[in-house]
Amino acid sequence: MSATMDTESTYSGYSHYSGHSKKAHRQGSRDRHKSPRSKDGSRSEKSVTIQTPPAEPLLGNDASRAEEGQDDNWGETTTAITGTSEHSISQEDIARISKDLEDSVGLDCKRYLGLTVAAVLGLLVFLTPIAFILLPQILWRDDLEPCGTVCEGLFISVAFKLLILLIGTWALFFRQPKADLPRVLVFRALLLVLIFLFVFSYWLFYGVRILDSKDTNYQGIVQYAVSLVDALLFIHYLAIVLLELRQLQPMFTVKVVRSTDGESRYYSLGHLSIQRAALVVLENYYKDFTVYNPALLTASKSRAAKHMAGLKVYNVDGPGNNASGQSRAMIAAAARRRDSSHNELYYEEADHERRVKKRRARLVVAVEEAFTHIKRLQAEEQQKAPGEMMDPREAAQAIFPSMARALQKYLRTTRQQQYHSMESILQHLSFCITNNMTPKAFLERYLNPGPTLQYDRDRWFSKQWTLVSEEAVTSGLQDGIVFVLKCLDFSLVVNVKKIPFIKLSEEFIDPKSHKFVLRLQSETSV
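Definitions and cut-offs
Residues numbered from 1 in each chain as written. Predicted model: local features only at pLDDT ≥ 70, side-chain atom pairs only at ≥ 80, totals over all residues. Heavy atoms only, no water. Helix = DSSP H or I, 4+ residues; strand = E, 2+ residues; numbered from the N terminus. Buried < 20%, exposed > 50% of the residue type's maximum accessible area, 1.4 Å probe, protein only. Polar contact = N/O pair within 3.5 Å; in protein donor to acceptor, adjacent residues only side chain to side chain. Contact = heavy atoms within 4.5 Å. pLDDT = per-residue confidence, 0-100. UniProt positions renumbered as here; feature names shortened; annotations may be inferred. Disulfide = S-S within 2.5 Å. Core = buried A, V, L, I, M, F, W, Y, C linked by side-chain atoms within 4.5 Å. Pairing = 2+ DSSP bridges. Axes fitted to C-alpha atoms, helices over the stretch in contact; angles between N-to-C directions. Phe/Tyr/Trp six-rings, centres within 6.5 Å; stacked < 30°, edge-to-face > 60°. Salt bridge = Lys/Arg side-chain N within 4 Å of Asp/Glu carboxyl O. Arc of directions from axis to C-beta. Parallel < 35°, antiparallel > 145°, perpendicular 65-115°, else oblique. Left-handed = near helix turned anticlockwise from the far one by under 90°.

Would you explain the side chain of Ser 430 in this entry?
Relative to the elements of secondary structure, Ser 430 occurs in helix α13 (residues 422–434). Looking at Ser 430, the relative accessible area reads 12%, which means it is buried. Here Gln 427 takes part through its backbone oxygen, which lies 2.8 Å from a polar atom of the side chain of Ser 430. When sequence neighbours within four positions are dropped, the list of residues in contact with Ser 430 reads Pro 392, Arg 393 and Ala 396.

Below is the structure:
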């Protein structure tokens, strides 16, 4: 019992108990809360929920106010919202999170290992032709035949071809990776294996036929190095075809659906593996889909919970009675009589739209008046000395209190307050003032929810994704494949359809078929 009371006192600042917490608050005691008891007198069970700290709200916390010097007119009242969390963390979840951290460390090691192998192999490729030319000069220089004009011209050819190969390799392979994929890229790995086998075979032939025999034909040795560079250029061309050109032609159409709100988009993809197709889908998701807002889903959940709470089911039949069909019919009839959720939904949405339009009109008027004040201040500043000019940041802080309340109410009504902090709004306002933008341009960010990239990274609900697929992620796309991209709060369901084969036929139209003769009669009826 003492352990239970200690646990309850530890989480007394984070838990909310109806009835008992109010009584404890009136008495001024926060050290001990009485547990609610059931009707039979037994103590009810409680679960402790570990919640992640929410993003910075529109009002900002005390620390942010002290740092940023928040204006007093920004929020006249402070609202504390309590509720039940939808996410809980158990011991299994903690173990899974630790496993994910270990996997992330493994992914980093795998990525750096791949880069190291590619860098070592690339260095070997570029040093091999130079070694082929320099080794005879170092080992048996006195026995070599003199290098003529043709041989010296081959030196220039090798130098420029190596320079071209170096630039092409840097442009194609040494690029900053956009994501950590779960598996290696098949074509990239095959190209690395092909280059290794190719260079190894050249070294083997060079060691057996030139180093062992100490060939004196230096021009032939240089031509051998030139042939290696030419072959490497052809392999680079093959890499461009496999890694870049092959995927350009659209072959599949994918439908991406967000699981929470059903928002969907269509994209056309070429011959890609499943993991690369998932990467393309995520790149387009961040710029095409509106930002995920879980607050918009709470209204429908609360309606459903309220409706289910209004329905009470009683077991009117005894355990041995066979009138179960009659009881089910009675329950269904009672549910149909009490089912008025569509009317509640209609009036609730109508009221919400009315409030949104009303507060939107107030916001537009407030912003227009603030920008009019800015123009008046700019006209006054032009008459002052250059040293007394007001910078855009100060101008934004000067006009912000006049629109703060209207903007605050609108963002709360549309449930966007968690995506816009006071500092971000001031930065956007100063940006609009600097670039002489209109009030409509300033309000565009707040009137319509934008894509995820528009907001700060700490406001995103999707940073780490998990690819779930029945097929191997290294296999190519096929008609009918479905894979899922999961994050913490929602998932993206991707359905792949192949673009159908289109057959076009030509129909010849005789130009004479468009000609006609208009005959007019000179005599008309009277």
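I would appreciate a short explanation of the confidence of the model for the protein in the present structure.
Close inspection of predicted coordinates is inappropriate for parts of the model with low pLDDT. In the predicted model, the protein carries a mean pLDDT of 74, and the fraction of residues at 70 or more is 67%. Summarising per-element confidence for the protein, the mean pLDDT is lowest in helix α3 (residues 62–68) (37) and highest in strand β1 (residues 252–258) (95). Long-range and interchain partners of residues 1–95, a stretch whose pLDDT sits below 50, account for 87 contacts in this model, where long-range means more than four residues apart.

In this structure, what is going on with the UniProt feature "transmembrane region" (unreviewed entry) in the protein? I would like to understand it.
With numbering matched to this structure, UniProt assigns "transmembrane region" (unreviewed entry) to residues 112–134, 154–173, 185–205 and 225–245. Segment residues 154–173 splits into 95% helix and 0% strand. End C-alpha atoms: 27 Å apart. Its end C-alpha atoms 31 Å apart, residues 185–205 is made of 95% helix and 0% strand.

Explanation requested: the state of the cysteines in the structure shown.
Simply put, the disulfide is a covalent bond whose two ends are the sulfur atoms of two cysteines. Within the structure shown, the criterion is met by one disulfide. Between the sulfur of Cys 147 and that of Cys 151 lies a disulfide, 2.0 Å long from S to S. Looking down the S-S bond of the Cys 147 and Cys 151 bridge, the torsion is -115°, so its handedness is left-handed. Residue class for Cys 147 comes out partly exposed when judged on its relative accessible area of 24%. A relative accessible area of 0% means that Cys 151 is categorised as buried.

Could you clarify how one ought to interpret the nonpolar core in this entry?
Nonpolar side chains in soluble globular proteins tend to end up buried together. Ranked by size, the top nonpolar core spans 29 residues in total, and within it Phe 132 and Phe 198 carry the most contacts. Every element with two or more residues in this core is listed here: α4 (91–139), α5 (149–172), α6 (186–211) and α7 (218–245). If one sorts the elements of this core by residue count, α7 sits on top with 11 residues. Leave out the neighbours within four places in its chain, and Phe 132 touches Tyr 202, Trp 203, Tyr 206, Ile 221, Tyr 224, Ala 225 and Leu 228.

In this structure, what is going on with the sheet that holds strand β2 (residues 264–269)? I would like to understand it.
Whether parallel or antiparallel, the strands of a sheet pair through hydrogen bonds between backbone atoms. Ordered by their spatial adjacency, five strands build an open sheet running β2-β1-β5-β4-β3, and the pairing between neighbours is antiparallel. Strands with a single pairing partner mark the edges of an open sheet, and in this sheet they are β2 and β3 (466–469). When the angles between neighbouring strand axes are averaged without regard to direction, this sheet yields 25°. Bridging between β1 and strand β5 (residues 491–498) involves seven bridges; their strand directions are antiparallel. Looking at β5, one finds that Val 254 is bridged to Val 496.

What should I look at first to understand the packing of aromatic side chains in this one?
The description of an aromatic ring pair uses the distance of the two centres, along with the angle that the planes make with each other. In this structure the tally under the stated criterion is 20 aromatic pairs. Summarising the aromatic geometry, the rings of Phe 196 and Phe 200 are spaced 6.3 Å apart at their centres and angled 20° between planes, so their arrangement reads as stacked. In this pair, Phe 196 and Phe 200 both sit in helix α6, four residues apart, roughly one turn of the helix. Note on Phe 200: relative accessible area 48%, which makes it partly exposed.

Would you explain the pattern of salt bridges in this entry?
Side chains carrying opposite charge are able to pair once their charged atoms draw close together. Going through the model one piece at a time under the given rule, you end up with nine salt bridges. The partner of Arg 258 in a salt bridge is Glu 263, with the nearest N and O atoms 2.7 Å apart. For the pair Arg 258 and Glu 263, a shared accessibility class is recorded, and that class is buried. Between Arg 265 and Glu 263 there is a salt bridge, and its shortest N-O distance comes to 3.0 Å.

Teacher, can you tell me more about helix α14 (residues 439–447) here?
Residues three or four positions apart in an α-helix share a direction because the helix packs 3.6 residues into each turn. For α14, the complete set of buried residues consists of Phe 442, Leu 443, Tyr 446 and Leu 447. All buried residues of α14 fall inside an arc of 125° around its axis, so they share one side.

Would you explain the environment of Glu 394 in this entry?
Topologically, Glu 394 is positioned in helix α12 (residues 392–413). Overall, the relative accessible area of 42% leaves Glu 394 in the partly exposed class. With 32 residues separating them in the primary sequence, Glu 394 and Leu 426 have C-alpha atoms 9.8 Å apart.

What am I meant to see in the environment of Arg 412 here?
Along the chain, the position of Arg 412 falls in helix α12. Along the backbone, Arg 412 and Val 356 are 56 residues apart, and their C-alpha atoms lie at a distance of 9.9 Å.

Can you walk me through the packing of α5 against α7 in this structure?
Relative to each other, α5 and α7 sit at 20°, their axes nearing to 10 Å. Relative to α7, α5 is oriented roughly parallel. Note that α5 runs across α7; the crossing there is left-handed.

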